[in-house]
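Architecture at a glance
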Amino acid sequence: MQIDHKSLAALIDAAKTLDAGFANLPPFDAQTPGAARLTEILNETASRLQDNYPYFHPLYAGQMLKPPHPVARLAYALAMFINPNNHALDGGRATSALEKEAVAEIAAMFGWKNFLGHLTGGGTMANLEALWIAGQLAPGKKVLASEQAHYTHHRISSVLQLEFESIPVDKHARIDLNALEKRLAAKNDVGTVVVTMGTTATGSVDPLPEILKLRDRYNFRIHADAAYGGYFTLAQNLAPQTAAAFAKIAEADSIVIDPHKHGLQPYGCGCVLFRDPSVGRLYKHDSPYTYFSSAELHLGEISLECSRPGAAAAALWATQKLLPLKKGGEFANGLEQGREAAQALYKNLRTDDTFLVAFEPELDIILFAPKPNPKSPSPFAPTSISEISTRSRQIFEAAAKKNLHLALAELPVAFFEKTLPPTVQRDHPTLTALRSVLMKPEHAAWTDKIHSILTSL
Ligand SMILES: Cc1ncc(COP(=O)(O)O)c(C=O)c1O
């Protein structure tokens, strides 16, 4: 895992600095039950944690999992000596300030200065808040999202008792604009359209500029779910259509972005932002408890969750201090490297004779499946969609035995039509494909190795 012992020394150093801030207190005997067995139990915990995929290694190229930056891990651990609660200033004065600063930096990345926003436990909670506000602003109206939007939107709508409808996608897994317009024109009952800025399965970006034009005509709210894709706003190697969508993100009404996906943070760090800060009024609640003991804004007054880890804010703040959210900066460069990796692997797979590919990767997710080769029938030469799916699953298992960890995704056959020979029997509407999220900067140097393992299976 290449634990950097120097960085652990930095933690001890910083812990001493933290401690010095409380040096004026009278000493006391801390009670730590079980302290004598701490090392033993911690080692036992380490042994149990060995039962994990190696997410930190470039050969882990499966699900959307990215190791936190060392500064995020260490700042989180440092804050744990205090364990602040960002619900109220009473529980987390310093980390509430860090959260406000870090969230303002994320909002500034999208071009927002006046906004309302805060961290959440993750993308699901952040999207829940965005749709909760949207539902209050347009009571009785529907929520629309594409068939490739994250499934959470359907579930959240059901929790909020908002009616939800799926809109078909085009061959690039983006919301189908014709279908969307037809639905909007059919009935004036749509309150919100969820625009996915990077779908979970394929990394496709919905055409935001065109959806904004539809908003002018049909008057609905736009919620941009940029939980996975949001940081690509900083990338300078996107295709023109994708870049044009991110360039318009400031015109959305709300945005969700997950620092715990592409923002180098430990889990437990999502973020919701609203363009109109006055929606804060909709969070208002009368609590019989005296949570908020000062006139200054407490984050609990503008968030649905109550207790939240201040440590998440400390980690995010420290990361952004080290790696500012700037185009051309080191952080942005890391995202660009992931995208380069996806493009390089796509090119390799497209040109060899072993795999079918879906459309070109828009961000850093690539999809592929074994190529049928009826001319040289081997036990593994699939001639139908079902056989391709079976073979994908076999490759998934075989790759893992060679330490290459991929993911599987069940996707419409239409996504592969461009490279799928007409002779293949279309016996199933969806195909089990191999999916690889190349989200670590290290992936850029590993695509040849990944490709050679894939072609050896
Ligand atoms: C686009 C999108 N939205 C929402 C979510 C849900 O986020 P979380 O898993 O942080 O709750 C995900 C997760 O992958 C996602 O990709």
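For the structure, check the block above.
Residues numbered from 1 in each chain as written. Predicted model: local features only at pLDDT ≥ 70, side-chain atom pairs only at ≥ 80, totals over all residues. Heavy atoms only, no water.

A word on the pairing of strand 2 (residues 142–146). For strand 2, the buried fraction is high: five of the five residues fall into the buried class. The alternating pattern of strand 2 places Lys-142, Leu-144 and Ser-146 and Val-143 and Ala-145 on opposite faces, both of which are buried. Bridging between strand 2 and strand 4 (residues 190–196) involves three bridges; their strand directions are parallel. Bridging from a neighbouring strand, Leu-144 pairs with Val-193 of strand 4. When strand 2 meets strand 3 (residues 164–167), the two strands line up parallel, connected through four bridges. Of the residues in strand 3, the one forming a bridge with Ala-145 is Ser-166. (Buried < 20%, exposed > 50% of the residue type's maximum accessible area, 1.4 Å probe, protein only. Helix = DSSP H or I, 4+ residues; strand = E, 2+ residues; numbered from the N terminus. Pairing = 2+ DSSP bridges.)

Relative to the assigned elements, His-405 resides in the loop between helix 12 (385–401) and strand 10 (407–412). With residues near it in sequence (within four places) discarded, His-405 still touches Tyr-53, Pro-54, Leu-59, Tyr-60, Ala-61, Gly-62 and Ala-400. (Contact = heavy atoms within 4.5 Å.)

Lining the immediate environment of the ligand, one finds 14 residues, of which Gly-123, Thr-124, Thr-200, Asp-225 and His-260 sit closest. Contact distances for the ligand include 2.5 Å between an oxygen atom and a side-chain N or O atom of Thr-124. Contact distances for the ligand include 2.7 Å between a nitrogen atom and a side-chain N or O atom of Asp-225. Calculation on the ligand without its partners gives an accessible area of 390 Å², and the protein chains cover 84% of this total. Of all the elements, helix 5 (residues 123–137) adds the most residues to the shell around the ligand, at three residues. Classifying every residue of the shell around the ligand gives three nonpolar, eight polar and three charged. (Near = heavy atom within 4 Å. Polar contact = N/O pair within 3.5 Å; in protein donor to acceptor, adjacent residues only side chain to side chain. Areas by Shrake-Rupley, 256 points an atom, 1.4 Å probe, with all protein chains shown as cover. Nonpolar A, V, L, I, M, F, W, Y, C, P; charged D, E, K, R; others polar.)

What the rule picks out here adds up to 14 salt bridges. Between Glu-362 and Arg-174 there is a salt bridge; the shortest N-O distance is 3.1 Å. Here the residue Glu-362 occupies a position in the loop between strand 8 (355–357) and strand 9 (365–370), and Arg-174 occupies one in the loop between strand 3 and helix 7 (177–186), the gap between them amounting to 188 residues. Note on Glu-362: relative accessible area 7%, which makes it buried. (Salt bridge = Lys/Arg side-chain N within 4 Å of Asp/Glu carboxyl O.)

So, on to the environment of Thr-447. The topology assignment puts Thr-447 in helix 13 (residues 447–455). A residue is classified by how much of its surface remains accessible, and Thr-447, at 5% relative accessible area, is buried. Sequence separation of Thr-447 and Gly-111 is 336 residues, and the distance between their C-alpha atoms is 34 Å. With near-sequence residues (within four places) excluded, Thr-447 lies in contact with Ala-341, Ala-344, Leu-345 and Asn-348.

With 55 residues, the main nonpolar core has Ile-106, Leu-180, Val-193, Met-197 and Leu-273 as its most contacted residues. Core analysis: the next-biggest nonpolar cluster, separate from the first, contains 20 residues, Tyr-346, Ala-399, Leu-438 and Ile-450 among them. (Core = buried A, V, L, I, M, F, W, Y, C linked by side-chain atoms within 4.5 Å.)

All right, on to the sheet that holds strand 8 then. Across the sheet, four strands lie side by side as 8-9-11-10; this open sheet has antiparallel pairing. Each edge of the open sheet is held by one strand with a lone partner, namely strand 8 and strand 10. On average, each strand axis in the sheet is inclined to that of its neighbour by 45°, with strand direction left out of account. Where strand 8 and strand 9 come together, three bridges link them in antiparallel fashion. Along strand 9, the bridge assignment pairs Phe-355 with Pro-370. This element, helix 11 (residues 330–351), spans strand 8 and strand 9 of the sheet and lies at about 20° to strand 9. (Axes fitted to C-alpha atoms, helices over the stretch in contact; angles between N-to-C directions.)

This part is about the sheet that holds strand 3. With mixed pairing, the seven strands of this open sheet are ordered in space as 1-7-6-5-4-2-3. Since the sheet does not close on itself, it has two edges, and those belong to strand 1 (116–120) and strand 3, each with one partner. Strand-to-strand twist in this sheet, taken as the mean axis angle between neighbours without regard to direction, amounts to 20°.

Bringing the environment of Leu-11 into the picture now. Relative to the elements of secondary structure, Leu-11 occurs in helix 1 (residues 5–20). For Leu-11, a relative accessible area of 16% translates into the label buried. Between the C-alpha atoms of Leu-11 and Glu-340, which are 329 residues apart in sequence, the distance is 33 Å. Filtering out sequence-adjacent residues up to four positions away, Leu-11 remains in contact with Leu-74, Ala-77 and Leu-78.

Relative to the helices and strands, Asp-253 is located in the loop between helix 9 (240–247) and strand 6 (254–257). Reaching out from Asp-253, the side chain makes a polar contact with the side chain of Arg-215 at a distance of 3.0 Å. A polar contact is formed between the side chain of Asp-253 and the backbone nitrogen of Ile-222, at a distance of 2.7 Å. Setting aside anything within four residues of it in sequence, one finds Asp-253 in contact with Trp-112, Arg-215, Phe-220, Arg-221, Ile-222, Leu-273, Phe-274 and Arg-275.

Contact geometry for helix 3 (residues 70–79) and helix 10 (residues 310–322): axes closest at 8 Å, N-to-C directions at 145°. In this structure, the crossing between helix 3 and helix 10 has a hand that is right-handed. On helix 10, the residues touching Val-71, Ala-72, Ala-75, Tyr-76 and Ala-79 of helix 3 are Ala-311, Ala-312, Ala-314, Ala-315, Ala-318, Thr-319 and Leu-322. Looking at side-chain class alone, the contact of helix 3 with helix 10 contains eleven nonpolar, one polar and no charged residues. (Left-handed = near helix turned anticlockwise from the far one by under 90°.)

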